[in-house]
Amino acid sequence: METKILSTSEQDIRIAAEIIRKGGLVAFPTETVYGLGANALDPEAVAKVYKAKGRPSDNPMIVHISHKDDMSKLTDLKTHDMEILMDSCWPGPLTMVVPAKDLIPRVTTGGLDTVAVRMPSSEVARSIITESGVPIAAPSANLSGHPSPTTYQHCIDDLMGRVDAIVCGADCKVGIESTVIDMTGETPMILRPGILTVEHLSNILGKEVVPDPALLKKPEISKETGNAVQDPDFKPKAPGMKYKHYAPKAEMAIYRGSSDKVTEAISKRREELERRGKKVEVIIYGDDEGEKAAREFFSRLRECDKNGTDVILAAALKESGVGFSVMNRMFKSAGYNIIDIDNEEGSGKTMIIALASDHGGYALKEKIKEHLMEKDSSYEILDLGTHSEESVDYPVYGKLCGETVASGKADLGIVCCGTGIGISIAANKVKGIRCGLCTTVEMAHLTKEHNNANILALGGRTTEPELALAIVDEWLDTDFAGGRHKRRTDMLDEM
Ligand code: TXA
Ligand code: MG
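Residues numbered from 1 in each chain as written. Chains lettered and ligands numbered in written order. Predicted model: local features only at pLDDT ≥ 70, side-chain atom pairs only at ≥ 80, totals over all residues. Heavy atoms only, no water.

Enquirer: Would you mind going over the overall build of the protein chain with me for this structure?
Expert: The helix and strand inventory of the protein chain stands at 16 helices and 20 strands. For the protein chain, the C-alpha radius of gyration of 24 Å lies close to 23 Å, the compact-globule estimate for 495 residues. Residues classed as buried in the protein chain amount to 55% of the 495 residues present. In the protein chain, 69% of the contacts between residues at least 6 apart in sequence involve partners at least 24 apart. Entry remark: accessible area of the protein chain is about 21,700 Å², with carbon and sulfur atoms responsible for 49%. (Helix = DSSP H or I, 4+ residues; strand = E, 2+ residues; numbered from the N terminus. Rg over C-alpha atoms; globule rule 2.2 N^0.38 Å. Buried < 20%, exposed > 50% of the residue type's maximum accessible area, 1.4 Å probe, protein only. Contact = heavy atoms within 4.5 Å. Areas by Shrake-Rupley, 256 points an atom, 1.4 Å probe, with all protein chains shown as cover.)

Enquirer: Explain the sheet that holds strand β3 (residues 35-39) here, please?
Expert: Remark on secondary structure: sheet strands pair via backbone hydrogen bonds, oriented parallel or antiparallel. Within the open sheet, the 11 strands sit side by side as β1-β8-β2-β3-β7-β4-β6-β5-β9-β10-β11. Their pairing is mixed. Edge strands, defined here as strands with exactly one partner in the open sheet, are β1 (4-6) and β11 (210-211). Contacts from helix α2 (residues 43-53) reach β3 and β7 (136-137), with the element oriented near 155° to β3. (Pairing = 2+ DSSP bridges. Axes fitted to C-alpha atoms, helices over the stretch in contact; angles between N-to-C directions.)

Enquirer: Even after reading the chapter, I still don't get the pattern of salt bridges, so can you show me in this structure?
Expert: Should the charged atoms of two oppositely charged side chains come close, the side chains can pair. Using the criterion set out here, one finds 28 salt bridges in the structure. Across the pair aspartate 383 and lysine 369 runs a salt bridge whose closest N-O atoms are separated by 2.6 Å. A residue pair is termed long-range when its members are at least 10 positions apart, and aspartate 383 in strand β17 (residues 379-383) and lysine 369 in helix α11 (residues 359-375) qualify at 14 residues. Both residues of the pair, aspartate 383 and lysine 369, count as buried. The shortest N-O distance in the salt bridge between aspartate 493 and arginine 434 comes to 2.9 Å. Of this pair, aspartate 493 sits in helix α16 (residues 484-494) while arginine 434 sits in the loop between α13 (421-428) and β19 (435-437), and the two are 59 residues apart along the sequence. By relative accessible area, which is 25% here, aspartate 493 ends up partly exposed. Salt bridges here are not isolated pairs; linked through shared partners, they connect Lys365, Glu366, Lys369 and Asp383. (Salt bridge = Lys/Arg side-chain N within 4 Å of Asp/Glu carboxyl O.)

Enquirer: Looking at this model, I keep getting lost on helix α9 (residues 290-306). Mind explaining?
Expert: Since there are 3.6 residues in each turn of an α-helix, residues three or four apart along the chain are aligned in direction. For α9, spanning 17 residues, the distance from its first C-alpha to its last is 24 Å, which sits close to the expected 24 Å at 1.5 Å a residue. Along its length, α9 reaches its greatest deviation from straightness, about 40°, at glutamate 296. Regarding α9, the residues found buried are Gly290, Ala293, Ala294, Phe297, Phe298, Ser299, Arg300, Leu301, Arg302 and Cys304. At the C-terminal side of α9, glycine 308 shows a positive phi close to 75°. (Expected span 1.5 Å × (residues − 1). Bend = angle between axes of the 7 residues up to and from the residue.)

Enquirer: Hey, could you run me through the environment of threonine 478 in this one?
Expert: Topologically, threonine 478 is positioned in the loop between α15 (465-477) and α16. With a relative accessible area of 6%, threonine 478 lands in the buried category. The spatial distance from the C-alpha of threonine 478 to the C-alpha of histidine 445 is 6.1 Å, given a sequence separation of 33 residues. Ignoring sequence-local partners within four residues, the contact set of threonine 478 consists of His445, Lys448 and Glu449.

Enquirer: Could you clarify how one ought to interpret unusual backbone geometry in this entry?
Expert: Note: most residues except glycine have negative phi, and most peptide bonds are trans. Residues tryptophan 90 and proline 91 are joined by a peptide bond in cis, for which omega reads -5°. Cis geometry marks the peptide bond from glycine 385 to threonine 386; its omega dihedral reads 5°. Mapping threonine 386 onto the fold places it in the loop between β17 and α12 (394-406). Positive phi, close to 60°, is recorded for tyrosine 336, a residue that is not glycine. Here tyrosine 336 lies in the loop between α10 (322-333) and β15 (338-340). With a relative accessible area of 15%, tyrosine 336 lands in the buried category. Of note in the backbone geometry, asparagine 452 takes a positive phi value of approximately 45° without being a glycine.

Enquirer: How should I be thinking about the packing of aromatic side chains in this particular structure?
Expert: Within a pair of aromatic rings, the relevant descriptors are the distance that separates the centres and the angle that separates the planes. In this structure the tally under the stated criterion is three aromatic pairs. When the ring of phenylalanine 297 is compared with that of phenylalanine 298, the centres are 5.9 Å apart and the planes differ by 45°; the resulting orientation is tilted. Like phenylalanine 298, phenylalanine 297 is buried. Pairing phenylalanine 331 with tyrosine 336 gives two aromatic rings, centres 5.9 Å apart and planes at 20°, and the pair type is stacked. (Phe/Tyr/Trp six-rings, centres within 6.5 Å; stacked < 30°, edge-to-face > 60°.)

Enquirer: Would you take a moment to explain the sheet that holds strand β14 (residues 311-315) for this structure?
Expert: Spatial ordering of the open sheet is given by β13-β14-β12-β15, a layout of four strands whose pairing is parallel. With one partner strand each, in any of the chains shown, β13 (280-283) and β15 form the two edges of the open sheet. Direction aside, the axes of adjacent strands within the sheet are offset by 20° on average. Of the pairings in the sheet, the one linking β13 to β14 comprises four bridges and is parallel in character. Counterpart to valine 282 in the pairing with β14 is leucine 313.

Enquirer: Looking at this structure, I do not really get the packing of α9 against α10. What am I missing?
Expert: In a packed pair of helices, the relevant descriptors are the angle between the two axes and the axis-to-axis distance. Interaxial distance between α9 and α10 falls to 8 Å at its minimum, and their mutual angle equals 20°. Classified by the interaxial angle, the pair formed by α9 and α10 is roughly parallel. Note that α9 runs across α10; the crossing there is left-handed. Here α9 contributes Gly290, Glu291, Ala293, Ala294, Phe297, Phe298 and Leu301 to the contact with α10, which in turn contributes Val322, Val326, Arg329, Met330 and Ser333. (Parallel < 35°, antiparallel > 145°, perpendicular 65-115°, else oblique. Left-handed = near helix turned anticlockwise from the far one by under 90°.)

Just distances and angles here, no functional claims.
Below, the structure is given as structure tokens:
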């Protein structure tokens, strides 16, 4: 197939729109990454997108619109939260998952009854959509599995001869794909993190927004396919999140830990490898450089592919704010090859502990997190939020922690709210949870020995931090007595 190279002139935008209207494929810039567009309402055109990218057909497309009013053509759902997000984030890098109207072909939604919709801020993208007169389905314009394209050259490298046209616009300002948020439930859930963070969206909505728990855990990767193994308890709600992604040709390792030690370890490793004649690329961003890292990351990976890099050594960013979103991509690029520097043995994380709190327990939760990381390198901490002092609802976090432990995604949990009472009630509503609220070290001992509590609850405003940490230690270090106590905990679990 001959691929037309187009500019962003008015005339070329008209040509691009015409190709899409007639069922063809056009790669075009957006503010996040380049997209590969087709008429979202034309099943044959959409099928061609899957083929051109080599993309699995259960991975749904994002449908792009150029006017907020077009949302009501795609979904019947209209909530206050959606309106707030449309007002404050559109046009921009936010994708909302909503129930799909019947006119959207199921090939566009990967067979789902929901559709992901986004109104990009890129002028070029919006002109193409408006001019074409149809909503445009556009996944990132890369071959499936490759790093997402942030310049037109990346699209040319991947798609020349596979698509009808490539619109050569500016480099993408954001550099990572849009934040995907599921608006179908009571509590909005982030399915794919982006430059608009969990914290930011919670602030805008004035209510809690939770990350898909699947985002917080390292998936088991299949040796054959390189994709995440389907774990029914931990199925990402965005189908695309399970696939191998963003993989550079080079081997890649992520160094995680205190920044001095990480820098030292990386430069030592670099010397070793270079002595053996390997070409090494180092990627280090400071914790305050999240946005820069987002903008450059995919492009850096592609440069490495081009210049024959053998090994990429990258430093992990702090997993909060935009850093969380960048690390979501970085982990996948490296196939979760993570070296924990502060952990001498560098291996054997054995116990997963989930932490959750509301605003009243936030400060204590942070102290506990720090304490646990220092206490034992075999603990893996799953921080379920909240992530600030901003007011949130304890039932959401108590339930989230309860479900995380009950489903086996974590071995144990610790929850905190002002008194520990409300959040322990919420956790105890989940079947299989035995959450004990403790205010003394003796209670901590007994709630493990007798009740085999799998979640510990603490009061951030009622128990001094030092005592709280002693309670945590006692609870973790005590063993369940079993025997007659087992009969009783079995009764609890039956309820
Ligand atoms: O920034 C972006 O979003 C770019 C530009 C081109 O707009 N597009 C993009 O599309 O990244 P794509 O196809 O590479 O990623 C779409 C993600 C996938 O993880 C997919 O599984 C998820 O969105 N998704 C799409 N529809 C969904 C739905 N109905 N429910 C849940 N997840 C959905
Ligand atoms: Mg993609």
